[in-house]
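Each chain, written out:
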Amino acid sequence: MAAIYSLYIINKSGGLIFYKDYGSKGRMDTNDSLRVASLWHSMHAISQQLSPTTGCSGIELLEADTFDLHCFQSLTGTKFFVVCEPGTQHMEALLKAIYELYTDYVLKNPFYEMEMPIRCELFDINLTQAIQKDRVVLLGR
Amino acid sequence: MIGVGKIKQYSNVLDKPLSKGKQEVSLSAFAFLFSELVQYNQTQVDNIAELERRLEDAGYAVGARVLELLCHRDKGNRRETRLLGILSFVHSTVWKVLFGKVADSLEKGTEHEDEYMISEKELLVNKFISIPKDMGTFNCGAFVAGIVRGVLDSAGFPAVVTAHFVPMEGQQRPRTTILIKFAEEVLQREARLG
């Protein structure tokens, strides 16, 4: 069964504002997850510069031997990325769905401060539901 | 049947009846506006009770206007004069105009004669709002409580209205209850009217 290992959301300056891991594989402590977030932010920026064609928006998919990393960048520079088992399908759609939840339950929440870590109960609840739904879809295949 | 339902052509734009306009607004637009309202008021206060009061006052102005508008539009310039009449007016007519649906329930308080409760599983203004843990029992439904108070007060039913979270069994999210406590004179008048 294909599985999602973890989910990261980083703000436009590369700070980690949300991290969640699913299952025991690829679990990281707080320092490591912060490091991965800022590393990815820099790599993403460098990839834009390195691209031989103009208008490159950065890495969308990184395929490694043991994991895939799918990244989605919103218009405001907030990046969402999931680390999952190699070959997991439909991650773009999941990232879009997570982005939608972010705009609804984080940005419309008057108690959320921009660019700060996300602590919104409704976002957590709906995110869990979205990931579970995605798992059910994957299992059904 | 050809021609049935065809809109009558008016040569003069002034002869056209006024359109009723769109009855709905974008939920996102409202949510952002409401979020700004809360954020602005947060900068103006230094404690939570004060924030609650300010939101309630903002709602009060809406309520007073809504009553005026609905009495004119729906009731031919008449308004409810009895307690149960005005409560069901708030529960159904006002709720439908503001939130597009009738409120989930209207109950009489069990402990006190002068208390009534309007409950809503998911209050529209709270749809996207998560209250931080350090704010305790604060509820943005205070704005809706203010609307209810505005309607009741302007209709001649002074009351104290508050919004509370009530945990539900088997539900992850608590529901919001708008608690209405009428002034003594209202109940005395009701008793006189029989």
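Note that this is a predicted model, so its numbers are computed, not measured. (Residues numbered from 1 in each chain as written. Chains lettered and ligands numbered in written order. Predicted model: local features only at pLDDT ≥ 70, side-chain atom pairs only at ≥ 80, totals over all residues. Heavy atoms only, no water.)

## Regarding the interface of chain A and chain B
How big an interface is tends to be stated in terms of the accessible area lost upon association of its parts. On the side of chain B, 19 residues touch chain A, which itself brings 11 residues to the contact. Taken together, both faces of the contact between chain A and chain B bury some 1,400 Å²; the carbon and sulfur share is 63%. Taken as a group, Lys108(A), Pro110(A) and Phe111(A) account for 52% of the area that chain A buries against chain B, more than any other trio of residues on that side. Joining chain A to chain B, the criterion identifies 1 salt bridge. Here Glu121(A) ties to Arg173(B) by a salt bridge, and the two come within 3.6 Å at their closest N and O atoms. The interface formed by chain A and chain B includes 4 residue pairs in polar contact (both at pLDDT 80 or more). Mapped onto the side of chain A that touches chain B, the elements with two or more residues apiece are α2 (91–105) and α3 (121–140) of chain A. For the side of chain A that touches chain B, the per-class residue count stands at 7 nonpolar, 1 polar and 3 charged. (Contact = heavy atoms within 4.5 Å. Buried area = accessible area lost by both parts, 1.4 Å probe. Salt bridge = Lys/Arg side-chain N within 4 Å of Asp/Glu carboxyl O. Polar contact = N/O pair within 3.5 Å; in protein donor to acceptor, adjacent residues only side chain to side chain. Helix = DSSP H or I, 4+ residues; strand = E, 2+ residues; numbered from the N terminus. Nonpolar A, V, L, I, M, F, W, Y, C, P; charged D, E, K, R; others polar.)

## Focus: unusual backbone geometry
Residues and elements named next belong to chain A. One non-glycine residue with positive phi stands out, namely His90, at about 60 degrees. With respect to the element layout, His90 can be found in the loop between β5 (79–84) and α2. Looking at His90, the relative accessible area reads 36%, which means it is partly exposed. One non-glycine residue, Glu115, lies in the positive phi region at around 70 degrees. Relative to the assigned elements, Glu115 resides in the loop between α2 and α3. Since its relative accessible area comes to 28%, Glu115 is described here as partly exposed. (Buried < 20%, exposed > 50% of the residue type's maximum accessible area, 1.4 Å probe, protein only.)

## Topic: the nonpolar core
Grouped together as the largest cluster of nonpolar side chains are 45 residues, with contacts concentrated most on Trp95(B), Leu152(B), Ile178(B), Ile180(B) and Phe182(B). Secondary-structure elements contributing two or more residues to this core are α1 (27–44), α2 (48–74), α3 (83–99), β2 (115–120), α4 (142–154), β3 (159–166) and β4 (175–182) of chain B. Of all hydrophobic cores here, the second largest spans 28 residues; its members include Leu101(A), Val106(A), Leu127(A) and Ala31(B). (Core = buried A, V, L, I, M, F, W, Y, C linked by side-chain atoms within 4.5 Å.)

## Comments concerning the side chain of Glu120(B)
Residue and element names in this part refer to chain B. With respect to the element layout, Glu120 can be found in strand β2. In this structure the side chain of Glu120 is engaged in a polar contact, spanning 3.1 Å, whose partner is the side chain of Trp95. Of the polar contacts made by the side chain of Glu120, one reaches the side chain of Lys101; its length is 2.4 Å. The residues touching Glu120, leaving out its near neighbours within four places in the chain, are Trp95, Lys101, Ala103, Asp104, Arg175 and Thr176.

## Remarks on the environment of Phe138(B)
By the secondary structure assignment, Phe138(B) is in the loop between β2 and α4. Distance from Phe138(B) to His91(B), taken between C-alpha atoms, is 23 Å for residues 47 residues apart in sequence. With near-sequence residues (within four places) excluded, Phe138(B) lies in contact with Phe111(A), Ile48(B), Leu51(B), Glu52(B), Leu55(B), Ile131(B) and Phe165(B).

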